[in-house]
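Given next are the chains, with one letter for each unit.
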Amino acid sequence: DAKTTQPTSMDCAEGRAANLPCNHSTISGNEYVYWYRQIHSQGPQYIIHGLKNNETNEMASLIITEDRKSSTLILPHATLRDTAVYYCIVRTGYGQNFVFGPGTRLSVLP
Amino acid sequence: SQTIHQWPATLVQPVGSPLSLECTVEGTSNPNLYWYRQAAGRGLQLLFYSVGIGQISSEVPQNLSASRPQDRQFILSSKKLLLSDSGFYLCAWSRSIDSLYQETQYFGPGTRLLVL
């Protein structure tokens, strides 16, 4: 499995952009980067995924470096409801499961 | 649009009692279905997955079982619960047409099980 490394926790002021980094230096050419988040006591919520191009949807933007060894999830205008644990996952293609690591606990502060 | 339902939301059961958790998906056909367990403060552990009716694959040995009696229904069961079965149980689905590398899984709201 391609391992990911994320900071344990981050704070962000409400209304500002939240930039969540993820390192995946052992990613291989056909593996996608996925981001999910989990708000306390709820199931994980899909946010966005990408291969090598930057991606944007209604929730967030995903910036993947040219060498694909790291990526950044950007929440453009964080709200209090964005407080959650954010998981960066590299889809290995082996087996059927998503391997969720400890993630980054994002706290959006008023 | 697709929706995934799980029930019950919360369950408290005595050790040795049976278990049945249900998951249903609406708005799609022939989904891949998954059962995960999340212990407190831990990551997700895949328990079972199914690519079709009656087709179940188990990832870890345990006293749990799964069944898929209908296309969009996935059931997690146990004949006798153990204390270690406590946790947050999540059902997820994905489109069967997705490739293995680009398979997005969508999770349900979860069932919190406490075995006493």
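This text follows the structure it describes.
My aim in this report is to walk through the structure given alongside it, one point at a time. Each chain carries its own residue numbering, running from 1 in the direction its sequence is written. Just so you know, chain letters begin at A and ligand numbers begin at 1, following the order they were written in. With pLDDT at 70 or above as the cut-off, local features in this predicted model cover only qualifying residues; side-chain atom pairs require 80 or more to be listed or tallied, and sums for whole chains, interfaces and linings still use all residues. For the side-chain quantities, the full set of heavy atoms in the structure was used; hydrogens and water were omitted.

## Points about the state of the cysteines
Note the following rule: Disulfides are defined as cysteine sulfur pairs within 2.5 Å. The helix count covers DSSP runs of H or I at least four residues long, the strand count covers runs of E at least two residues long, and both are numbered beginning at the N terminus. The buried label applies to any residue whose accessible area, calculated with a 1.4 Å probe on protein chains only, is under 20% of its type's maximum; exposed applies above 50%, and partly exposed to all values in between.
Going through the model one piece at a time under the given rule, you end up with two disulfides over all chains. Disulfide pairing is shown between Cys22(A) and Cys88(A); the S-S distance is 2.1 Å. Where Cys22(A) bonds to Cys88(A) through sulfur, the torsion about that S-S bond is close to -80°, and the disulfide is left-handed. Placement of the pair is Cys22(A) in strand 2 (residues 18-23) and Cys88(A) in strand 8 (residues 84-90), with a sequence separation of 66 residues. Under the relative-accessibility criterion, Cys88(A) is labelled buried at 2%. A sulfur-sulfur separation of 2.0 Å characterises the disulfide bridge that pairs Cys23(B) with Cys91(B).

## Re the side chain of Gln6(B)
Residues and elements named next belong to chain B. Applied cut-off: Under the rule applied, a polar contact is a pair of N or O atoms within 3.5 Å (in protein, one hydrogen donor and one hydrogen acceptor; residues adjacent in sequence only if both atoms are side-chain atoms). Contacts between residues were defined by any pair of non-hydrogen atoms, one from each residue, lying within 4.5 Å.
One can find Gln6 in strand 1 (residues 3-7). Residue class for Gln6 comes out buried when judged on its relative accessible area of 8%. Polar contacts involving the side chain of Gln6 include one to the main-chain amide nitrogen of Cys91, which spans 3.0 Å. Reaching out from Gln6, the side chain makes a polar contact with the backbone nitrogen of Gly110 at a distance of 2.9 Å. If we skip the residues at most four places from it in the chain, Gln6 touches Glu22, Cys23, Trp35, Tyr89, Leu90, Cys91, Gly108, Pro109, Gly110 and Thr111.

## Focus: the packing of aromatic side chains
Definition in use: Classification of ring pairs uses Phe, Tyr and Trp, with its six-membered ring standing for Trp, and accepts pairs whose centres are within 6.5 Å; under 30 degrees between planes counts as stacked, over 60 as edge-to-face, and the remaining range as tilted. In our convention, an over-ring charge means Lys NZ or Arg CZ found within 6 Å of a ring centre and within 35 degrees of that ring's normal.
One pass over the full model with this rule turns up 13 aromatic pairs over all chains. With 6.1 Å between their ring centres and 25° between their planes, Trp35(B) and Phe74(B) make a pair best called stacked. Of the two residues, Trp35(B) is situated in strand 4 (residues 32-38) and Phe74(B) in strand 8 (residues 73-78); the sequence distance between them amounts to 39 residues. For the residue pair Trp35(B) and Phe74(B), the accessibility class agrees, reading buried in each case. Centre to centre, the rings of Tyr36(B) and Phe107(B) are 5.4 Å apart; their planes meet at 50°, and the pair counts as tilted. A residue pair is termed long-range when its members are at least 10 positions apart, and Tyr36(B) in strand 4 and Phe107(B) in strand 10 (residues 106-107) qualify at 71 residues. The structure contains a cluster of three or more aromatic residues connected by ring pairs, namely Tyr34(A), Tyr36(A), Tyr46(A), Tyr87(A), Phe100(A), Tyr34(B), Tyr36(B), Tyr49(B), Trp93(B), Tyr106(B) and Phe107(B). Stacked on the ring of Phe88(B), the Lys or Arg Arg112(B) has its end atom at 4.2 Å from the ring centre.

## Regarding the interface of chain B and chain A
Formally: For salt bridges, the criterion is a side-chain nitrogen of Lys or Arg within 4 Å of an Asp or Glu carboxyl oxygen. Three residue categories are used. Nonpolar comprises Ala, Val, Leu, Ile, Met, Phe, Trp, Tyr, Cys and Pro, charged comprises Asp, Glu, Lys and Arg, and polar comprises the others, including Gly.
Contacts between chain B and chain A engage 20 residues on the former and 21 residues on the latter. The tally of links from chain B across to chain A stands at one salt bridge. The salt bridge partner of Arg91(A) is Glu103(B), with a shortest N-O separation of 2.3 Å. Counting the contacts that link chain B with chain A gives five residue pairs in polar contact (both at pLDDT 80 or more). Secondary-structure elements contributing two or more residues to the side of chain B that touches chain A are strand 4, strand 5 (44-52), strand 9 (87-94) and strand 10 of chain B. Its residues assigned to classes, the side of chain B that touches chain A comprises 12 nonpolar, six polar and two charged.

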